[in-house]
Amino acid sequence: MKQGCLIVVSGPSGTGKGTVCAALLSAHPEIAYSISATTRAPRAGERDGVNYYFRTKAAFERMIAEGALLEWAEVYGNYYGTPLPPIQEKLAAGQDILLEIDTQGALKVQERFPDGVFIFLLPPSLEELRRRITGRGTESEESLARRLAAARDEILLGKRYRYAVLNDTVEAATDRIQTILAAERLRADMDSAQFEL
C-alpha cells in the first residue's frame, strides 16, 4: 500500500491559511485534517475532537513526556501541539493528511518528516497583509506592528519550504496547491512500486 502524503501549510498570521485549507479540504474530502491539541479552554461552539483536542495541562505534559506529539509549543500560557499517533495511522493507511500550523511548528515537523509537502503561503504584499489583519478589527496598533514584524521574519523562513504559494485569491491559491499535490503524487522517488512490472 502506498504511504499517504503529509501536507503542511503555514505562513504569517493573516495570510489566509485557514480559508485556503478549508477550500482545499472542500475540493478534496479524501484528505484528512490534523486536529491539534491544546490546554486552552474551548470557545463558544468549539467541540472536543472536532476543533481541537482539549486537554488539561497535566495530560498535555504527559503527551510531551511520552513522545506523543509531533510538535508542540507554549503560547501565552497555553500548550498547543500536533498529536503524532493519528498522523502515523492515517499515513500508514495510505491517506493524505493536512496540517495547518505556524512556521516554527512546521520546521519541527520537517525534521521528522523531511519528505512531507511543505507549502508556505504568502500574502500579495505586506500592505495587503496589513489590510487583512486590520480588517479583523481585533488588533491594536501595537499588536499590528508586532504581527507585521513577525510576518517579515516568517517570510524569510519560508525559504526553507519546498513550495511557496501566493494567496492573491483563495481560488488561485487552492488551484496552485492542487497542482503541487498532483505533481507530488507522480514523484518517482516517492513510489518505487510504479517501476515494478
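Residues numbered from 1 in each chain as written. Predicted model: local features only at pLDDT ≥ 70, side-chain atom pairs only at ≥ 80, totals over all residues. Heavy atoms only, no water.

Description of the sheet that holds strand β7 (residues 97–100)
Okay, so step 1: An order of β2-β7-β1-β8-β9 is seen for the five strands of this open sheet, with the pairing classed as parallel. Edge positions in the open sheet fall to β2 (32–33) and β9 (163–166), since each of these has one partner strand only.
Okay, so step 2: Two elements, strand β8 (residues 117–122) and β9, share four bridges in a ladder whose sense is parallel. Residue pairing for β9: L121 is matched across the bridge by V165.
Okay, so step 3: Sitting on the sheet, helix α3 (residues 84–92) touches β1 (6–10), β2 and β7, and the angle it makes with β7 is about 145°.
Okay, so step 4: The sheet strands contacting helix α4 (residues 103–112) are β1, β7 and β8, and the helix crosses β1 at an angle near 155°. (Pairing = 2+ DSSP bridges. Helix = DSSP H or I, 4+ residues; strand = E, 2+ residues; numbered from the N terminus. Contact = heavy atoms within 4.5 Å. Axes fitted to C-alpha atoms, helices over the stretch in contact; angles between N-to-C directions.)

Focus on the pattern of salt bridges
Oppositely charged side chains are able to pair whenever their charged atoms sit close together.
Okay, so step 1: The final tally for this structure, using the stated rule, is seven salt bridges.
Okay, so step 2: A salt bridge links R55 to D48; the shortest N-O distance between them is 3.4 Å.
Okay, so step 3: Judged by relative accessible area, R55 falls into the partly exposed class, the value being 31%.
Okay, so step 4: On the accessibility criterion, D48 (46% relative accessible area) is partly exposed.
Okay, so step 5: R131 serves as the salt-bridge partner of E128, at 2.6 Å between the closest nitrogen and oxygen. Taken together, the residues E128 and R131, both in helix α5 (residues 126–136) and three residues apart, mark about one turn of the helix.
Okay, so step 6: Counted as one network, the salt bridges with shared partners bring together R162, E184 and R187. (Salt bridge = Lys/Arg side-chain N within 4 Å of Asp/Glu carboxyl O. Buried < 20%, exposed > 50% of the residue type's maximum accessible area, 1.4 Å probe, protein only.)

Overview of the sheet that holds strand β5 (residues 69–75)
Okay, so step 1: With mixed pairing, the four strands of this open sheet are ordered in space as β4-β3-β6-β5. Only two strands of the sheet have a single neighbouring strand rather than two, namely β4 (53–54) and β5.
Okay, so step 2: Two strands pair when backbone bridges link them, and strand β3 (residues 37–38) and strand β6 (residues 78–83) are joined in this way by two bridges, in the antiparallel orientation. Bridging from a neighbouring strand, T38 pairs with Y80 of β6.
Okay, so step 3: Its contacts with the sheet put helix α2 (residues 57–65) on β3, β5 and β6, and the angle it makes with β6 is roughly 45°.

So, the packing of aromatic side chains
Okay, so step 1: Scanning the entire structure with this criterion turns up six aromatic pairs.
Okay, so step 2: Relative to F54, the ring of Y52 lies with its centre 5.8 Å away and its plane at 50°, an arrangement referred to as tilted.
Okay, so step 3: Here F120 and Y161 contribute two aromatic rings whose centre-to-centre distance is 5.1 Å and whose plane-to-plane angle is 65°, an arrangement assigned as edge-to-face. Placement of the pair is F120 in strand β8 and Y161 in the loop between α6 (141–157) and β9, with a sequence separation of 41 residues. A single burial state applies to F120 and to Y161, both of which are buried. (Phe/Tyr/Trp six-rings, centres within 6.5 Å; stacked < 30°, edge-to-face > 60°.)

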